[in-house]
Structures are given as C-alpha cells and as structure tokens.
Amino acid sequence: MEVLIYLVPLALVLGLLGLAAFLWTLNSNQYDDLDGAAWRAISDDEIGPGRRPNSPEDTLRSGAQ
Amino acid sequence: MRDFSHFVKHNAGVAGMDLALEGVSCAGCVAKIERGLFELHDVTKARVNLTERRLAVEWTDGAIDPAEIVDRITQLGYRAHPYEAAGVESVEAEETRFLLRCLGVAAFAAMNVMLLSVSVWSGNVSDISPEQRDFFHWLSALIALPASAYAGQPFFRSAWRALKARHTNMDVPISIGVILALGLSVFETWHHAEHAYFDASVMLLTFLLAGRYLDQSMRRRTAAIATNLAALRADMATKIIGDELVESPVAAIAPGDLVLVRPGERIAVDGVVVGGTSEIDNSLVTGETAYLAARPGAAVFSGTLNVSGLLRIEATKPASGSLLDEIDKLLRKATDERTRYIRLADRAAGLYAPVVHTTALLTLFGWLAFGSSLHDSIVIAISVLIITCPCALGLAIPAVQVVAVGALFRAGVLLNRGDALERLATVDTVVFDKTGTLTLPEPEVANAADIDAQTLQLAGRLALGSRHPLAAALAKAVGARDPLPAVVEEAGRGVRSVVDGKPLKLGSPQFCDAHQQAAEVNATWPDASVIAFSHGKSRAVFAFRQRLRPDATTIIGGLQRAGYRLAILSGDRTEAVADVASSLSVEAWQAGLSPADKIAHIEAMRRAGHRVLMVGDGLNDAPSLAAADVSMSPVSATHLAQAAADAIFLGDNLAPVATALELSRRAFRVMTQNLWLAVIYNAIALPVAIAGFVTPLIAAAAMSGSSILVTANALRARAARAANS
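Residues numbered from 1 in each chain as written. Chains lettered and ligands numbered in written order. Predicted model: local features only at pLDDT ≥ 70, side-chain atom pairs only at ≥ 80, totals over all residues. Heavy atoms only, no water.

**Some points on the overall build of chain A**
Next, step 1: Along its length, chain A carries 3 helices and 0 strands.
Next, step 2: Its helices and strands in sequence order give chain A the pattern α-α-α, from N to C terminus.
Next, step 3: Among the 65 residues that make up chain A, the fraction classed as buried is 17%.
Next, step 4: For chain A, the exposed area adds up to about 5000 Å²; of that, 65% sits on carbon and sulfur atoms. (Helix = DSSP H or I, 4+ residues; strand = E, 2+ residues; numbered from the N terminus. Buried < 20%, exposed > 50% of the residue type's maximum accessible area, 1.4 Å probe, protein only. Areas by Shrake-Rupley, 256 points an atom, 1.4 Å probe, with all protein chains shown as cover.)

Structure follows, in structure tokens:
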C-alpha cells in the first residue's frame, strides 16, 4: 500500500491541473460564444490586425503554393 | 453626417464600440466581417459573437470615425447598429461566469471525492484498514470543505438573504443540508467512523449548479437577442446644428435641440413643430388609425409617424423623459400594483422545508426515546436531511425552465422576465389590442384586385422613390424591387417620373388629378386611406386598409376552442374595431378607450377572478401591459410597450402567442409532475432514512437517480412544439 503515497498526490495534482485549465479557459472568455467557437476551429487562417489580404506577406504565401 | 460618438467608450488611447448585427448566420459571415474591419487601418480588435449576434470593435482613439465602421459593415452586406450595453446585462454576465466557476470547482471536488469514496465503500466490504479509511476520509474533507465553501456561495447567499427577509426559499433547505452533511462527516471522521457524507454534499452542489447555470445562460441568451432587437430599430434622429444636418442617437438629444423629421420617419422626441406642415400617424400611440394634421405650434409625441411633409421640431423633453407623462405615471402605478407572484419553486420550498426539518427533529427525539445514544440519533437525523434530497426538488423546476424557454426561443418568443413562464400557464383570459397587434403594422392595398397587374407593378416601382408610409406599403405589397430612374419627390404632394416619354405620378388625388376615381374608391372603402397614380392619361387610386395578421383568424379560433375568454380593447374608432371583431368572431370588444380605460377593464376582469394575458404594441398599451397578470408584445411594438411586456414575439404571425400559452401550460404541468416525483421519491426514501438504514452509498445512488429522473421528465416540456407543427 506504499504506492498510495505516490498515487494519491498524483491523482490530486492531475485533478487540480484539470481545474486550473478549466478556470483558465473561463477567464480567457472561451465560453462567451460557443456557436462561434465551433466554427472558428475549422476556419483556415487567423484573422487579426495588420493581416490584409493584399499585403506583401499574402502575395508571397500564395506565390509559394 | 452621422454622430455615433455617444456609443463610443474611450480607454487609454483605445476607442471601443459594441454593435448589434443583422444578417449574420454562419462562420463565413464572421470571417468576412472581421477580415473586412481589419482592412481599415487602426482597427485593433474586431470580434463577432455568433451566439449573441454582436460585434465588439476597438481602434486607436481618434483615428477612425465610428460611422466608418458602420459603413464598412454595410458595404460588406450586413447591417450593424451601435447599442449601449445595459448595466443589468454586464451584472448578469458576471453572475453566469461565477456560476460556471462554482460548477467547475464543485465538479472537480465531486469527481475526486467520489474516487476516494468508492475506494472506501469497496474497502469496507473487503480489506481496508481503519487507518487507511481515516486517511481517505481526511483527504475527502481536505477537498470537499474548501470546495463546498466556494461552490456553495450562490446557495448560501440566497438562503441568507431569504432568512434575513424572514421567509424561506429552496436554497434554505439546500444550504442546511450541505452544511449539516459536511459537519457530520467531519465529526464522524474525527471519531474514526465507517461512514462520511463528503461525496453527497459536493455531488448535490454539482447537480444543482449545473441546473442553475443552464437556466441562467438560456435566460441571458434570450435577453441578449431582445436587446439586439431594440438596437436594430436604430433610434437615430436628424439634428439641425446651424445649417448642418447631423444624424445623432436619440439618447443624445436635449431639450431645445432642433430636429428634422422627413416624411415616413418616426418622430423621436416629444416636441413642438416650428416649421413645415404634415400629417401625423398616431396609431402606435393611441391606436387611432386616422391621421392628424400638424402645423407650426402643434405638439408632437415620440413614437408617432410623420406621414407627408418635412417637419422641423424643437425638442421639449430629453429623449429619456420623452414619454407622454400620463402614460408614464399610469405605467409606474400599474407595475407597483401588479400582485407579487410567488413562484412555484418558492411555494414548494415553503411546504418542503418545515416538513423535512420537523421530520428530522422528530427522528432525533424518536431514537433518543428508544434509548439510542445521542451520537447515533444525530447521525440518523442528519441522514434524513441528506436523503430527503433537496436535489430532485432543486432541479425539478429549473430543468423544465431551461427546456421550455429554449423551445419558446425557437418558436419566436423571447421571455423578458424569469417568472413569465409560470404566469403564462395560469392565464384564462386573453385581451388583444387591435392596431398593430391583431393587425399588421403596415396597411395593405384593399382594392388590388380591381387594378391591372401592369399598373400595380409600375406604381410599386415608382413608390420605391418615396418615403411616404403608404408608398412604402404599396411597394411592399407589389413586391417591387427595381426603382424607376429620375424620380422627383415633391414634399407633401407625391413623386413623379417619366417612362417612355409618358409622365408618371404617385401621390394625393389632387396631385394626380384623379378626384373622380378617388371619390369612387372612397364610396366603396369609406374608412380607407387613399393614394392616386397617373400614367399618361390613365388613372388609378389605391385604397389602404389595416390588414389582419395572416393567421389571426386561425389562432383566435384555436384559442376560443381551447377555452380561453377573448376580448379586444382598442383606442381606435368603433367602426374599425367592430369590423375586426366580427371578422374574428370575438364578441367582447371595446373601442375608443384611453390608456386608463384599458387598465380599468383589465382590473375589472382580474377582480372577477380571471387571469389576464394582455397582448399589445402601442404606447397606449404599455400601462395595461403592466397591469395584466402577464403580457406579450409583437417585435414591432414601441420601446415602452416592449419594456412593460413579459415576452416579445417575432414575425408577422400571431401563432407565437398560442404556442407560448400551450408551451407554458405544458411546462407548468411537467413542473408539477416533477415536484410530485420528488414527493414520491421522498415517501420511499424517508422511512428508510428514519429507520437508520441509510449509508453514504445509498444516499449517493438515491441522489443521482432522482436527479436523472427529474431531468429526463423535464425534456418532455419541449414536445408541445412537435405536436403543434
């Protein structure tokens, strides 16, 4: 039964990790738009500031394909 | 020029704005809008929320005019309306988030404690040593105590509030159960006992929090959509500053401001006409369908429609206070007098708590009297409290509510208030307003059959060039899509154009030189409004009448067959109301009523013991909406009516009213059934507990079993829709 000395703390730590991960997702607003999140996961590229379709970076990328 | 600065929030060099979106339905739209906005320079954040149909934008302060953002979205093929997030909404959002955090903590604790408990249960029947059991129990305590202290907060707070106000709610027995179970478990663990109830208390919290979270988030979602609808009917007014015209949100208009109102626009503020003459459509305010003349010096009220001419108005009240004073006063009084409805859950708790707590006490004394030790008696008494399971009772109603509110949402009914569902279920009398409620907000062409299709089509296309409400109704009725070229509008008279060398005119009979035809049409349709059309030498006159909602006859008939008493209370003229009442075969109707008269009629019905649902849309209906037991408004209703209504229904049909009544009745039945299921469960579990046979294993099995049973039964509340369609 000495194995309990490792296993019990290990189980607890794993559980706490799960809880911490959940609280992190909650704090980063990941439950605010569940419908949108489902779609964003399959969208091809990131949308963000400074990423205009006609920017040189895009031209380079499409040229490389 | 438009001025949206009222909606912009500034924060350390970053400007932000929230917008409600129209026409967004899928991922493609989300990507298109976000990408399109990032193409504007200086936009630093653009995030569409697909669930709530909203957009949050941020940009470098001063770099972009907020109107550019709205225009950009219009270019992309959507419509966006800035809105002011109500304070209530952010509080609710924070509460939902708190519930979810509590649920996470409780679920974590429940899983881990259950892991330890299962080991103890199986160890108890095999080879666990007392030291190992104690270790597992202390470990459970280490997890369960802080977790319950955190995750139990929603219940403890609510119970404390109820006790301070000297009444009980469902959270009182829940809190007592959880605290006693934890206390007993610590005591037992201290005395190296075989049984502890840490798992029961965290599991109870987990189940209840799950129910509460679902309930809360469903309600938040409907509330968000309702707020969007209000924003979509964008309240902008044209302010005159010097010689410049500025589109400004109504909320930013102050007394003394000059406002320009074009024909076909709604007047946004109470004020006095200082320039121009026109006719005013008061139907949203008084329910009266005949137009009133407006000339300089006349007082005009917000919510009314400017029909024919250009008006300059000086605002006399700030937009927020811009309501008919009398209506406002009546509304407040009616809301105060609305009997406090006591919710089913609280009534159940009022019965449940004393019965269970007395039983537990009697059990304690009973075992003492039979010579049992104080310790054993207390353990058994507390196990009675744990097994009687506020769990099933605590889920019985929220579970049904989640299902029913979701079904209503899909049927086009948005609930404004949490207890509206239960109040709807008890209704036996339905009172309708006429204009805009039984009838559609726009009039229809009554004599379309007498006019040849080509003329109708041409007139409809010409009508697209006018902002007159009747012209708009004509264009809509004909389904005209491509406007004629070179249309000239003559304010107060009509529009004209030239096609194939022939002049076209649409407007007053004088304007089109069609007196004779107008007289003929007026003879056939005495209460109709008319506009005339001329094409070369040919003339046509269109008669416009209020049109019943397409399914009004079916729905009213259905409600009558279902045994509801129906009545029409209207502010319109007697003939107009009599006509509608007879075509719907509603016998009880009243015409020409003032807002105070409407309240008096509703109060009389309530005094006679009836439960009244009021369905209305006008400013004049708002007080009676508040005075009725429960109320509904169509989405086309005035702000004030929507704010007073318990529920809003979407679309041109009346069907959502019938669906809401049916679904709520069904939901109420399922709630009652669920409460009975909880009672039956207790009737079986209680004797077992009193006899002292309950172990933590039995408690856990009973708790999950009853919760699943109640939740599964709740799913039946949505079946009404399937039966309906």
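**Quick notes on the packing of aromatic side chains**
Residue and element names in this part refer to chain B.
Next, step 1: Following the criterion strictly, the structure yields 5 aromatic pairs over all chains and no others.
Next, step 2: Relative to Phe7, the ring of Phe4 lies with its centre 6.5 Å away and its plane at 45 degrees, an arrangement referred to as tilted. The pair Phe4 / Phe7 is uniform in exposure class, with both members buried.
Next, step 3: Each ring, one from Phe135 and one from Phe136, has its centre 5.9 Å from the other, and the planes form 65 degrees; the classification is edge-to-face. (Phe/Tyr/Trp six-rings, centres within 6.5 Å; stacked < 30°, edge-to-face > 60°.)

**Things to note about empty space enclosed by the protein**
All names here are of chain B.
Next, step 1: On inspection of all chains with the given rule, the structure shows 3 cavities of 30 Å³ or more.
Next, step 2: If you add up the space inside the largest cavity, you get close to 70 Å³.
Next, step 3: Lining of the largest cavity is provided by Ser117, Val120, Trp121, His137, Ser140, Glu194, His195, Ala196, Phe198, Asp199 and Pro696.
Next, step 4: When contributions to the lining of the largest cavity are tallied by element, the ones reaching two or more residues are α3 (87–124), α4 (130–151) and α7 (198–232).
Next, step 5: For the lining of the largest cavity, the residue count by class is 5 nonpolar, 4 polar and 2 charged.
Next, step 6: Counted as a void, the second largest cavity has a volume near 50 Å³. (1 Å grid on protein atoms, 1.4 Å probe; cavity = no way out; pocket = protein on both sides within 12 Å on 5 of 7 lines; lining within 4 Å. Points joined across faces, edges and corners; volume = space filled by probe spheres on them. Nonpolar A, V, L, I, M, F, W, Y, C, P; charged D, E, K, R; others polar.)

**A look at the sheet that holds strand β17 (residues 439–445) of chain B**
Residues and elements named next belong to chain B.
Next, step 1: Here we have 6 strands laid out as an open sheet, ordered β17-β22-β21-β20-β19-β18, and antiparallel in their pairing. The sheet is open, and its two borders are formed by β17 and β18 (488–490), each paired with just one other strand. Put simply, the sheet's adjacent strands are angled 20 degrees from each other on average, direction ignored.
Next, step 2: As judged from the 4 bridges shared by β17 and strand β22 (residues 538–548), these two strands associate in the antiparallel manner. Looking across to β22, one finds that Thr439 is bridged to Leu548. (Pairing = 2+ DSSP bridges. Axes fitted to C-alpha atoms, helices over the stretch in contact; angles between N-to-C directions.)

**Structural notes on the side chain of Thr455(B)**
All names here are of chain B.
Next, step 1: Relative to the assigned elements, Thr455 resides in helix α15 (residues 453–463).
Next, step 2: Residue Thr455 is classed as buried on the basis of its relative accessible area of 17%.
Next, step 3: At 2.7 Å, the side chain of Thr455 and the side chain of Asp452 are in polar contact.
Next, step 4: Beyond its immediate chain neighbours, meaning those up to four positions away, Thr455 contacts Phe533 and Ala540. (Polar contact = N/O pair within 3.5 Å; in protein donor to acceptor, adjacent residues only side chain to side chain. Contact = heavy atoms within 4.5 Å.)

**Structural notes on helix α19 (residues 552–561) of chain B**
Next, step 1: Every buried residue belonging to α19(B) is among Ala552(B), Ile555(B), Ile556(B), Gly557(B) and Leu559(B), and all of these are buried.
Next, step 2: Gly563(B) lies just past α19(B) and shows a positive phi near 95 degrees.

**Some words on the pattern of salt bridges**
Residues and elements named next belong to chain B.
Next, step 1: Scanning all chains against the criterion turns up 16 salt bridges over all chains.
Next, step 2: For the salt bridge of Lys598 with Asp433, the shortest nitrogen-to-oxygen distance reads 3.2 Å. Taken together, the positions of Lys598 in helix α21 (residues 595–607) and Asp433 in the loop between β16 (429–432) and α14 (434–438) put the pair 165 residues apart, joining distant regions of the chain.
Next, step 3: You can call Lys598 buried: its relative accessible area is 0%. (Salt bridge = Lys/Arg side-chain N within 4 Å of Asp/Glu carboxyl O.)

**Focus: helix α1 (residues 27–38) of chain B**
Next, step 1: Taking 1.5 Å as the rise per residue, α1(B) with 12 residues should run 16 Å; its terminal C-alpha atoms sit 17 Å apart, in good agreement.
Next, step 2: Among all positions of α1(B), only Cys29(B), Val30(B), Ala31(B), Ile33(B), Glu34(B), Gly36(B), Leu37(B) and Phe38(B) are buried.
Next, step 3: Looking at the buried positions of α1(B), the neighbouring elements they touch are α2 (34–40) of chain A together with β2 (14–22), β3 (43–49), β4 (54–60) and α2 (66–75) of chain B. (Expected span 1.5 Å × (residues − 1).)

**Some remarks on the layout of surface pockets**
Leftover empty space is mapped by rolling, across the atoms, a probe with the size of a water molecule.
Residue and element names in this part refer to chain B.
Next, step 1: There is about 1100 Å³ of room inside the second largest pocket.
Next, step 2: Together, 28 residues line the second largest pocket, and Ser158, Asp171, Arg212, Arg219 and Arg343 are the ones closest to its centre.
Next, step 3: Taken together, the residues that form the lining of the second largest pocket break down as 9 nonpolar, 7 polar and 12 charged.

**What to know about the environment of Cys512(B)**
Residues and elements named next belong to chain B.
Next, step 1: Its location among the elements puts Cys512 in helix α17 (residues 509–512).
Next, step 2: Residue Cys512 is classed as buried on the basis of its relative accessible area of 2%.
Next, step 3: Spatially, the C-alpha atom of Cys512 lies 50 Å from that of Glu603, the residues being 91 residues apart in sequence.
Next, step 4: Apart from the residues lying within four places of it in its own chain, the contact partners of Cys512 are Lys505, Leu506, Gly507, Ala532, Phe533, Ser534 and Arg539.

**Details of the sheet that holds strand β13 (residues 305–306) of chain B**
All names here are of chain B.
Next, step 1: The sheet built from 3 strands is open, its strands ordered β11-β10-β13 with antiparallel pairing. This sheet does not close on itself; its edge strands, each paired only once, are β11 (292–294) and β13.
Next, step 2: As defined by bridge partners, strand β10 (residues 278–281) adjoins β13 across 2 bridges and the pair is classed as antiparallel. Of the residues in β13, the one forming a bridge with Ile280 is Asn306.

**Quick look at the pairing of strand β14 (residues 311–315) of chain B**
All names here are of chain B.
Next, step 1: What you see with β14 is a clean split: Leu311, Ile313 and Ala315 sit on the buried side and Arg312 and Glu314 on the side with no burial.
Next, step 2: Pairing of strand β9 (residues 271–275) with β14, which is carried by 4 bridges, proceeds in the antiparallel orientation. By the bridge assignment for β14, Val272 is matched with Glu314.

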